Amino acid sequence: MNLSSNWTKSSARNGRNTMKHDTASTAPPHTGKPSTPASTGTELDMEVLRQFRIIFKSVRKHFQEVEDRLGISGSLLWALSEISVRPGISVSELAKTMSIHQSTASNILSKLVGLGLVSKTRNGKDNRITGLFISGQGQVKLGLAPAPVRGLLPEALGKLPYATLRDLHKNLNVLLAMFESADLKDKDTPLAEI
């Protein structure tokens, strides 16, 4: 996740990495007091809130359907689908493709291997994992999966025109600036685990 320059890294009292809004940016800093909404009289802020509710509920519903139908999380399904379309993919490539931390990808991989859905090849000299492959059982599970296998939000974002996605990124940074802090670790958490 590439945050714009109006965010600066700081440390919270609990030791977590957080992002604080730089007051020199275009968005006003959070003061803790209610401000006059930019949408005064139009209720646009409430309409946008409703849109977020629809997005969150739809995403949650999709992940529940995945779990009910397949018995695995949406994160495991997405990883399984990436391994299927890219046989021999490495753990680091999988992490990059899913925009998650490599240790998270390793944990997902361990679960997939434990369930017999994925196998890994190792280098004979130093025993490092060199590639990931979907098993027959994994292919069956993938064939039963509700679409989209990547999840609703990643799929929708991937279909947006570049200019729209760029504007959304910019506007979400402005929205995030309204929060007193945002935990940097959250950007690498798969949606299915939030």
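Quick summary incoming for the structure in this document. Since the model is a prediction, treat every value here as computed from it, not as a measurement.

### Overview of the overall build of the chain
(1) Moving on: Secondary structure summary: the chain contains 7 helices and 5 strands in total.
(2) Moving on: Counting contacts in the chain only where the partners sit at least 6 residues apart, residues at least 24 apart contribute 55% of the total.
(3) Moving on: Accessible surface for the chain amounts to roughly 12,600 Å². Of this, 55% is attributable to carbon and sulfur atoms.

### A look at unusual backbone geometry
(1) Moving on: Residue Pro 148 follows Ala 147 across a cis peptide bond; omega there is -5°.
(2) Moving on: Residue position: Pro 148 is located in the loop between helix H5 (136-143) and helix H6 (152-159).
(3) Moving on: One non-glycine residue, Ser 99, lies in positive phi territory at about 55°.
(4) Moving on: By secondary structure assignment, the location of Ser 99 is in the loop between helix H3 (91-98) and helix H4 (102-114).
(5) Moving on: Judged by its relative accessible area of 43%, Ser 99 is partly exposed.

### Comments concerning the nonpolar core
If you look at soluble globular proteins, the nonpolar side chains tend to sit buried side by side.
(1) Moving on: Counting 25 residues, the largest nonpolar core has Ile 83, Leu 112 and Leu 132 as its most contacted members.
(2) Moving on: At the level of secondary structure, the elements contributing two or more residues to this core comprise helix H1 (44-70), helix H2 (74-85), H3, H4 and strand E4 (129-134).
(3) Moving on: Looking at this core element by element, the count peaks at 6 residues for H2.
(4) Moving on: When residues no more than four places from it in sequence are discounted, the contact partners of Leu 112 are Leu 76, Ala 79, Leu 80, Ile 83, Leu 117 and Val 118.

### With respect to the packing of H2 against H3
Relative orientation and spacing of two packed helices are given, respectively, by the angle between their axes and the distance between those axes.
(1) Moving on: One way to put it is that H2 packs onto H3 with a least axis distance of 11 Å and a crossing angle of 120°. As the angle between them shows, H2 and H3 are arranged oblique. The handedness of the crossing between H2 and H3 is right-handed. Only Leu 94, Thr 97 and Met 98 of H3 make contact with H2, whose side of the interface consists of Ser 75, Trp 78, Ala 79, Glu 82 and Ile 83.

### Let's talk about H4
(1) Moving on: Its 13 residues give H4 an end-to-end C-alpha distance of 18 Å, which sits within 8% of 18 Å, the value for a rise of 1.5 Å per residue.
(2) Moving on: Gly 116 sits one or two residues past H4 and shows a positive phi near 75°.

### Observations regarding the pattern of salt bridges
(1) Moving on: Tallying each qualifying case throughout the model produces 5 salt bridges.
(2) Moving on: Residue Arg 50 pairs with Glu 47 through a salt bridge whose shortest N-O separation is 3.2 Å. Residue Arg 50 and its partner Glu 47 are located together in helix H1, separated by 3 residues, close to a single helical turn.
(3) Moving on: Overall, Glu 47 belongs to the partly exposed group, its relative accessible area being 39%.
(4) Moving on: One salt bridge connects Arg 166 with Asp 167, and the closest N-O pair in it is separated by 3.7 Å.
(5) Moving on: Taking relative accessible area as the criterion, Arg 166 reaches 44% and is therefore assigned partly exposed.
(6) Moving on: For Asp 167, a relative accessible area of 37% translates into the label partly exposed.

What counts and how
- The residue count restarts for each chain, going from 1 along the sequence in the order it is written.
- This being a predicted model, a pLDDT of at least 70 is required before a residue's local features are given, and a value of 80 or more before pairs of side-chain atoms are given or counted; all residues contribute to the totals for chains, interfaces and linings.
- Heavy atoms throughout the structure, all of them, feed into the side-chain values; hydrogens and water do not.
- Runs of H or I in DSSP of at least four residues are treated as helices and runs of E of at least two as strands, each being numbered from the N terminus.
- Every residue pair with non-hydrogen atoms within 4.5 Å of one another is taken to be in contact.
- All accessible-area figures derive from a Shrake-Rupley calculation using a 1.4 Å probe, and residue coverage is judged against the displayed protein chains alone.
- Per-residue accessibility, obtained with a 1.4 Å probe over protein chains only, is compared with the maximum for each type, and a residue is labelled buried under 20%, exposed over 50%, and partly exposed between these values.
- Side-chain atoms within 4.5 Å link the members of a nonpolar core, which is a set of buried Ala, Val, Leu, Ile, Met, Phe, Trp, Tyr and Cys residues.
- Working convention: axes come from line fits to C-alpha atoms, limited for helices to the stretch in contact. Angles between N-to-C directions cover 0 to 180 degrees.
- Roughly parallel refers to an angle under 35 degrees, roughly antiparallel to one over 145, roughly perpendicular to one between 65 and 115, and oblique to any angle outside these ranges.
- Should the near helix be turned anticlockwise from the far one by less than a right angle, the crossing is left-handed, and should it be turned clockwise, the crossing is right-handed.
- In a helix, the anticipated span is given by 1.5 Å times the number of residues less one.
- When a carboxyl oxygen of Asp or Glu is within 4 Å of a side-chain nitrogen of Lys or Arg, the pair counts as a salt bridge.

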